[in-house]
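Chain and residue survey
This is what each chain is made of:
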Amino acid sequence: MIPLADLAVVAGCAAGAALVAGAAGLGLLHLLRGRPVAVQLAVVAGATVLATVAGVVVITLMMMISEHDRNVALTVVLVAGLVGLGVSLLLGRRLTAANRVLVEAVRADPYRVPDRRLPAELAELARELAAAYDRLAAGRAREQALETSRRELVAWVSHDLRTPLAGLRAMAEALEDEVVADAETVHRYHHRIRIEADRLAGMVDDLFELARIHAGALRLSRQRVGLDDLVADAVAGVEPLARAGGVRITGAAAPGLPLEVDAAELGRALRNLVVNAIRHTPGDGTVEIRAEDAGDGMARVSVTDACGGIPEADLPRVFEVAFRGESARTPGGGAGLGLAIARGIVEAHAGEIGVANTGPGCRFVIRLPLAGG
């Protein structure tokens, strides 16, 4: 039996030799840290072989064995090390080939996850790249849509501002030059000037509201209100417009549905929907407003009109800024801001808004979380 003191000496000498070889390998890896994985794997394998051979050499020199036995032991260790080095090089080549496949997939347009089977880490990276590519594509699509909406908004607002401004200028010049002098015409001009000024003020208010929504600067003063009260106020506010257009308007709301909302802002969103519905419902048509408990902790408000329906291709764009579609059928008006503002206000209340064709027209639906007890 070998004494413990001798074992400690042998272990210490072998460990020292292995540490020297390992340190040399680590230093070489640091110098080659920017090199391919195959080269670094070869260095790791070489350092492992060198550490093992160094340890065996030290041990055989300290042991009282024959030269033949020493050579056999060294040969076995050297052959095993060379085999390990060869396996490391082969693994490095496979990793390099897999990495090349992934790089080629990334350079392709569009990017697709490679069909070739990759190592688990590279396969996960390929999936993450695919997800990142999808997010970038979606972001680019949103950016293009926003840019298109911005251009449409500028074009429509410029058009809608030019018409009333031209009328205001003409009437002001006529009054200033005393082209019109009879009291009835002067009164009519003054009345028309006030109407156009109110219209311009409304457009400016809509633009300001939309700018606050897009900038995230919409501040809500929440309070507990009943959904039936909001619906009643919306119906009362648009009744004159409905009567002028010969449109019947009905409203029904389940009592006792509490909401924690900004009553003024949410009321504006409801009025926008109802006004759009009235404007695009023909005479003798009906606009119906219903509010009820959706049964999942949400309240549902629907506005149904008789606008004739919205083309299916236009449905996803109805709430975009400045979108008008077929003005005779799409519920939207003015500069195309009403529905965009309604969506912004509803989403600011953690709600949802959507639209679908139904019957002779379409139905807008708002879902809002009910207030807790």
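My aim in this report is to walk through the structure given alongside it, one point at a time. (Residues numbered from 1 in each chain as written. Predicted model: local features only at pLDDT ≥ 70, side-chain atom pairs only at ≥ 80, totals over all residues. Heavy atoms only, no water.)

Focus on the overall build of the chain
What counts, and what does not: The helix and strand labels rest on DSSP assignments: H or I over at least four residues marks a helix, E over at least two residues marks a strand, and numbering proceeds from the N terminus. Both definitions apply: the radius of gyration is a C-alpha atom measure, and the globule rule equals 2.2 Å times residues to the power 0.38. Throughout this description, buried means an accessible area under 20% of the type-specific maximum (1.4 Å probe, protein chains only), exposed means over 50%, and partly exposed covers the range between. By the convention used here, residues are in contact when the closest approach between their heavy atoms is within 4.5 Å. Here the Shrake-Rupley method, with its probe set to 1.4 Å, supplies the accessible areas, and only the displayed protein chains count as covering residues. For the purpose of counting charges, residues Lys and Arg are taken to be positive, whereas Asp and Glu are taken to be negative. His and the chain ends are not included. Lysine's charge is taken at NZ, arginine's at CZ, aspartate's at CG and glutamate's at CD.
Scanning the chain from terminus to terminus reveals 8 helices and 7 strands. Here the chain has a C-alpha radius of gyration of 39 Å; the compact-globule value for 373 residues is 21 Å, and the former is much larger. Taken over the C-alpha atoms alone, the chain extends approximately 130 × 55 × 35 Å along its principal axes. In the chain, which comprises 373 residues, the share counted as buried stands at 34%. For the chain, long-range pairs separated by at least 24 residues make up 67% of all intrachain contacts whose partners lie at least 6 apart in sequence. Carbon and sulfur atoms form 60% of the exposed surface of the chain, whose accessible area is close to 21700 Å². Within the chain, one finds 39 positive and 44 negative side-chain charges whose respective centroids are separated by 7 Å.

Section: the environment of Met-171
Mapped onto the elements of the fold, Met-171 is located in helix H4 (residues 120-176). Overall, the relative accessible area of 11% leaves Met-171 in the buried class. Separated by 19 residues in sequence, Met-171 and His-190 place their C-alpha atoms 8.4 Å apart. Leave out the neighbours within four places in its chain, and Met-171 touches Tyr-189, Arg-192 and Ile-193.

Considering H4
Each α-helix winds once per 3.6 residues, and so residues spaced three or four apart point in a common direction. For clarity, the cut-off: The length a helix should cover is 1.5 Å for every residue beyond the first.
Taking 1.5 Å per residue, 57 residues should reach 84 Å; H4 reaches 82 Å between its end C-alpha atoms and fits that length. Against helix H3 (67-107) and helix H5 (183-214) lie the buried residues of H4. Two residues or fewer past H4, Glu-178 is found with a positive phi of approximately 60°.

With respect to a nonpolar patch on the surface
The cut-off we apply is this: Residues forming no salt bridge and having over 30% relative accessible area are the ones grouped into patches, like charges within 9 Å of each other and nonpolar side chains (Val, Leu, Ile, Met, Phe, Trp, Tyr) within 5 Å. A side-chain nitrogen of Lys or Arg and a carboxyl oxygen of Asp or Glu constitute a salt bridge if their distance falls within 4 Å.
A cluster of nonpolar side chains, namely Val-79, Val-83 and Val-87, defines an oily patch on the protein surface of about 260 Å² accessible area. Residue Val-79 is classed as partly exposed on the basis of its relative accessible area of 48%.

Considering H5
An ideal rise of 1.5 Å per residue puts 46 Å on 32 residues; H5 measures up with 47 Å between its terminal C-alpha atoms. One or two steps after H5, the chain reaches Gly-216, where phi turns positive at roughly 70°.

Digging into the pattern of salt bridges
Applying the stated criterion to the full structure yields 12 salt bridges. With a shortest N-O distance of 2.5 Å, Glu-288 and Arg-290 are connected by a salt bridge. We classify Glu-288 as partly exposed; its relative accessible area is 27%. In the salt-bridge network here, residues are joined through shared partners; they are Asp-206, Glu-209, Arg-212, Glu-265 and Arg-268.

Let's talk about the layout of surface pockets
Keep this limit in mind: With a 1 Å grid laid over protein atoms only, a set of points is called a cavity when a 1.4 Å probe fits there but cannot get out and a pocket when it is open yet has protein on both sides within 12 Å along at least five of seven lines; lining residues have an atom within 4 Å of a point. Grid points are joined across faces, edges and corners, and a volume is the space filled by probe spheres set on the points. Charged residues are taken to be Asp, Glu, Lys and Arg, nonpolar residues to be Ala, Val, Leu, Ile, Met, Phe, Trp, Tyr, Cys and Pro, and polar residues to be all remaining types, Gly included.
Roughly 260 Å³ of internal volume is contained in the second largest pocket. Lining of the second largest pocket is provided by 14 residues; of these, Leu-146, His-214, Val-321, Arg-343 and Glu-347 occupy positions nearest its centre. Those elements giving two or more residues to the lining of the second largest pocket turn out to be H4, H5 and helix H8 (338-348). When residues in the lining of the second largest pocket are grouped by element, the largest group, 5 residues, is from H8. Here the residues of the lining of the second largest pocket sort into 7 nonpolar, 3 polar and 4 charged.

Quick word on the sheet that holds strand S7 (residues 361-369)
Here is the rule we go by: Here the rule is simple: two strands pair whenever DSSP picks up at least two bridges between them. Working convention: axes come from line fits to C-alpha atoms, limited for helices to the stretch in contact. Angles between N-to-C directions cover 0 to 180 degrees.
Spatially, S2-S4-S5-S7-S6 is the arrangement adopted by the 5 strands of the open sheet, whose pairing is mixed. Edge positions in the open sheet fall to strand S2 (248-253) and strand S6 (352-358), since each of these has one partner strand only. Direction aside, the axes of adjacent strands within the sheet are offset by 15° on average. Contacting S2, strand S4 (286-293) and strand S5 (298-304), helix H6 (residues 227-244) runs over the sheet at an angle of about 175° to S2.

Things to note about unusual backbone geometry
Its identity as a non-glycine residue notwithstanding, Asp-284 has a phi of 70°, on the positive side. Assignment of secondary structure puts Asp-284 in the loop between helix H7 (263-279) and S4. Despite not being glycine, Ala-350 has its phi angle at roughly 60°, a positive value. Locating Ala-350 in the fold gives a position in the loop between H8 and S6.

Looking at a positive patch on the surface
On the surface, Arg-93, Arg-94, Arg-100 and Arg-116 cluster together into a patch of positive charge. Position of Arg-94 among the secondary structure elements: in helix H3.

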